[in-house]
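Examining the three-dimensional arrangement
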Amino acid sequence: MSSQSFAATIEKLKAADREIVLLSHSSALLSWDQETYMPRRAIDERSAQLSLLQGLIHQRITAEDNRRMLDRLGCSADNPGGDASLADDDRAFLRQYQRRYQRAARLPQELVVKLAESTSRSQAIWAEARAADDYASFAPHLTTLLDLLLEVSDRIGYTEHPYDALLDQYEPFMLTSEVDRVFAELRAELVPLVKAIGAAPQVDAALLRREYPVQQQAAFGATVMQALGYDLERGRLDTSAHPFTTTLGAHDVRITTRYDPHFFNGAIFGTIHEVGHALYELGIDEKYHGSLLAEGTSLGIHESQSRMWENMVGRSRHFWHHFYPQLARLFPAALVDVNPESFYRAINRVEPSLIRVEADEVTYGLHIVLRFELEKALLSRTMTVAELPEAWRAGSRRLLGIEPRSDAEGVLQDIHWSMGGIGYFPTYALGNLYAAQFMRAIEAELPSLWDDVQRGEFAPLLNWLRVNVHAHGRARTAQELCSSITGSELSAAPFMDYLRAKYGDIYGLR
Ligand code: ZN
């Protein structure tokens, strides 16, 4: 095939992709509205709108024309980037296009519909089961979902483990065995670290539970957002029950947060976290705008950005050296007898807890390891759905040293499984590992990084991330980013070094 006719075919695929992206952003806007401003009784019409759009998107993705064009360009499962003579950016585009087509085309419509029905029913049942602490009522639905997900995995195909196909939806190109490898490192070192911290005198964090008026929290959040470089001409902040970031276009990446007047951490660290996600999507190179490459490359890399800003920067002494004086002025009553050091220690208090979303950055990884081990056992059929609650309790005891008294605060706590989201959890912990490994490279290249942070200067860090991570969007995979930035594959060692240094200091270990 001539390069001219290659070019014409790629242009056609790009035009088709553009419309899929437009439909996806329209659907995202409706979802954003549903979580923020939609009146409660609009839900039925909204569900119909969303499911129509999802159907149209699926049709466009699986259109027969796509297959013919991808074939013509030499794309296949083994060679998704197509003909070797094509430009790198075109190969990157085709790699993602082929992958999206293949995943969708391998799933029969009937299975997709069954899965959608089953997850929507399961979510409602799960919410009731959690409220009533009644695992038995949820179990049959989880069994059905598991069967469907195993069928999905079989249809899509996998390299080593049925878990691969599910993980791949969230962390493309990563194998279960790689997660096994880094989680084994993580588990081996985290468990003793958490024990050592538990044996040290505990940090007092009661000051965080004082009265923090919402208006002042919002004002402080706005100051921080602006300092970090989140541009309100390309985004906005609203409130929702569960904070999230959503991309509605190259210049429209919105975030949400929530406020609790009696707990300081939620809104501010939630806001910084979502700003981290938004900065990633806003930093993608213009040449990819409007295409399927204009997205974060994996959920793990996405979490590396949110967690780097939230935990490594936002919970650092340097950050609060700069912001604490403003904070003390905004909350004179709550912080009357508090100094910057006791504040810093309070926001970094470590304590094994039962609920993942409330966990500190040290114990968090163990919540994820627990879920990953259970998911894998379910998918390889070495454990039944009936055995899950007891396995959860045993795992919690072994990893965190505590055991839930009820299934509501154990196996039923997360919404993910009821949504069919098996394979999603690992990305949260992978984010911490990527962040620490990237940070090591950043510190080497930007020796004044922490002095800058201490002066409230975040542009050097943001610019570094833009050039090395954000700009590439999905044109580079997570593995490619990791090796280009750090020169090696993903490892838990940099994250463990970071935790040992930070918490060894706070808790006076050794
Ligand atoms: Zn996140």
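Here the structure is a predicted model, which means the values were calculated and not measured.

**Focus on the overall build of the chain**
Helices and strands together make up the secondary structure of the chain, namely 20 helices and 3 strands. In terms of C-alpha radius of gyration, the chain reaches 23 Å, essentially the compact-globule figure of 24 Å for 510 residues. By its C-alpha atoms, the chain is 75 × 50 × 50 Å across when sized along the principal axes. Within the span of the chain, comprising 510 residues, buried residues form 54% of the whole. A total accessible area of about 22000 Å² is found for the chain, and carbon and sulfur atoms account for 51% of it. Between the averaged position of the 52 positive side-chain charges in the chain and that of its 68 negative side-chain charges there is a distance of 0 Å.

**Notes on the side chain of Gln 96**
Mapped onto the elements of the fold, Gln 96 is located in helix H4 (residues 88–105). For Gln 96, a relative accessible area of 3% puts it in the buried group. If we skip the residues at most four places from it in the chain, Gln 96 touches Phe 173, Leu 292, Leu 293 and Arg 474.

**A few points about the coordination of the zinc ion**
Looking at the metal site, the zinc ion is ligated by His 273 (NE2), His 277 (NE2) and Glu 303 (OE), spaced 2.1 Å from it. Assessed through its relative accessible area of 11%, His 273 is described here as buried.

**Thoughts on the pattern of salt bridges**
For side chains bearing opposite charge, pairing can occur when the charged atoms are close. Here the structure, examined in full by the defined rule, presents 38 salt bridges. With a closest N to O distance of 2.6 Å, Asp 414 and Arg 371 form a salt bridge. Of this pair, Asp 414 sits in the loop between helix H15 (388–400) and helix H16 (426–445) while Arg 371 sits in helix H14 (residues 364–379); the two residues are 43 residues apart in sequence, bridging distant segments of the chain. A relative accessible area of 11% places Asp 414 in the buried class. The closest approach of N and O atoms between Arg 397 and Glu 403, which form a salt bridge, is 2.3 Å. Salt bridges here are not isolated pairs; linked through shared partners, they connect Glu 178, Arg 181, Glu 185 and Glu 489.

**Observations regarding the packing of aromatic side chains**
This model, assessed by the stated rule, comprises 27 aromatic pairs. Between Trp 392 and Trp 417 the ring centres are 6.1 Å apart and the planes differ by 85 degrees, which places this aromatic pair in the edge-to-face class. In this pair, Trp 392 is assigned in helix H15 and Trp 417 in the loop between H15 and H16, connecting sequence segments 25 residues apart. Grouping residues by exposure puts Trp 392 and Trp 417 together as buried. Taking 6.3 Å as the distance between ring centres and 85 degrees as the angle between the ring planes, the aromatic pair formed by Trp 417 and Phe 425 counts as edge-to-face. Ring pairs connect the aromatic residues Tyr 212, Phe 220, Phe 264, Phe 269, Trp 309, Phe 319, Trp 320, Phe 323, Tyr 324, Phe 331, Phe 343 and Phe 458, which therefore count as one cluster. Cation over ring: Arg 315 sits above Phe 269, and NZ or CZ is 3.9 Å from the ring centre.

**With respect to the packing of H16 against helix H20 (residues 493–506)**
Here H16 crosses H20 at 80 degrees, and the two axes come no closer than 7 Å. Regarding the angle of H16 to H20, the classification is roughly perpendicular. Across the interface between the two elements, Asn 432, Leu 433, Ala 436, Gln 437 and Arg 440 from H16 touch Ala 493, Pro 494, Phe 495 and Asp 497 from H20. The class makeup of the residues in the contact of H16 with H20 is 5 nonpolar, 2 polar and 2 charged.

**Describing the domain arrangement of the chain**
What the domain assignment lists for the chain is domain 1 (3–144) and domain 2 (176–507). One C-alpha centre belongs to domain 1, the other to domain 2; they are set 27 Å apart. Residue-level contacts link 30 residues of domain 1 with 37 residues of domain 2. Interface area, domain 1 with domain 2, both sides summed: about 2900 Å², of which 63% is carbon and sulfur. Counting across the domain 1 and domain 2 interface gives 2 salt bridges.

**Describing H14**
Taking 1.5 Å of rise per residue, the 16 residues of H14 would be expected to cover 22 Å, and the 23 Å separating its terminal C-alpha atoms lies within 8% of that figure. With 16 of 16 residues buried, H14 is to be regarded as a mostly interior element. Just past H14, the residue Arg 381 takes up positive phi, approximately 60 degrees.

**Remarks on the side chain of Arg 99**
With respect to the secondary-structure elements, Arg 99 resides in helix H4. What makes Arg 99 buried here is its relative accessible area of 14%.

**Details of the packing of helix H10 (residues 265–282) against helix H11 (residues 299–313)**
At a minimum axis distance of 7 Å, the contact between H10 and H11 shows a crossing angle of 135 degrees. Relative to H11, H10 is oriented oblique. In this structure, the crossing between H10 and H11 has a hand that is right-handed. Judged by residue contacts, Phe 269, Ile 272, His 273, Gly 276, His 277, Leu 279, Tyr 280 and Glu 281 of H10 engage Ile 301, His 302, Glu 303, Gln 305, Ser 306, Arg 307, Trp 309 and Glu 310 from H11. Looking at the contact of H10 with H11 residue by residue, the class counts come to 6 nonpolar, 6 polar and 4 charged.

**What about unusual backbone geometry?**
Its identity as a non-glycine residue notwithstanding, Phe 173 has a phi of 70 degrees, on the positive side. Looking at the element boundaries, Phe 173 is found in the loop between helix H7 (162–170) and helix H8 (176–199). At Arg 381, a residue that is not glycine, the phi angle is positive and equals roughly 60 degrees.

Each value, and the rule that gives it
Numbers given to residues run from 1 along each chain, matching the order in which its sequence is written. Whole-chain, interface and lining totals are the exception, using all residues; otherwise, since this is a predicted model, local features are given only for residues with pLDDT of at least 70 and side-chain atom pairs are given and counted only at 80 or more. Calculated side-chain values reflect all of the structure's heavy atoms, with hydrogen atoms and water omitted. We count a stretch as a helix when DSSP gives it H or I for four or more residues in a row; a strand needs E for two or more, and each element gets its number in order from the N terminus. Our radius of gyration looks at C-alpha atoms and nothing else; its globule reference is 2.2 Å times the residue count to the power 0.38. Only protein chains enter the calculation, and the probe is 1.4 Å; a residue is then buried if its accessible area is under 20% of its type maximum, exposed if over 50%, and partly exposed in between. Surface accessibility follows the Shrake-Rupley procedure with a 1.4 Å probe radius. Residue values consider only the protein chains on display as shielding. All tallies of charge rest on Lys and Arg as positive and Asp and Glu as negative; His and the ends of each chain are not included. To locate a charge, take NZ of a lysine, CZ of an arginine, CG of an aspartate or CD of a glutamate. Residues count as neighbours in contact if any of their non-hydrogen atoms are within 4.5 Å of one another. Keep in mind that water is not among the atoms, so a site may look incomplete; donors are the N, O and S atoms within 2.8 Å of the metal, or 3.2 Å for Na, K and Ca. A carboxyl oxygen of Asp or Glu within 4 Å of a side-chain nitrogen of Lys or Arg is what we treat as a salt bridge. By convention, a stacked pair of Phe, Tyr or Trp rings (six-membered ring in the case of Trp) has centres within 6.5 Å and planes under 30 degrees apart, an edge-to-face pair has planes over 60 apart, and any other such pair is tilted. Only Lys NZ and Arg CZ are tested; either one counts as a charge over a ring when it is within 6 Å of the ring centre and within 35 degrees of the ring normal. Throughout, an axis means a line fitted to C-alpha atoms (over the contacting stretch in the case of helices), and angles, computed between N-to-C directions, take values from 0 to 180 degrees. Throughout, the term roughly parallel applies to angles under 35 degrees, roughly antiparallel to angles over 145, roughly perpendicular to angles from 65 to 115, and oblique to all others. All amino acids are sorted into three groups, where Ala, Val, Leu, Ile, Met, Phe, Trp, Tyr, Cys and Pro are nonpolar, Asp, Glu, Lys and Arg are charged, and the leftover types, Gly among them, are polar. The source of the domain bounds is an automatic or database domain assignment. When two components associate, each loses some accessible surface as probed by a 1.4 Å sphere; the sum of these losses over both components is called the buried area. Here the expected length of a helix is defined as 1.5 Å per residue gap, with one fewer gap than residues. Each crossing gets its hand from how the near helix is turned against the far one by less than a right angle, where anticlockwise is left-handed and clockwise is right-handed.

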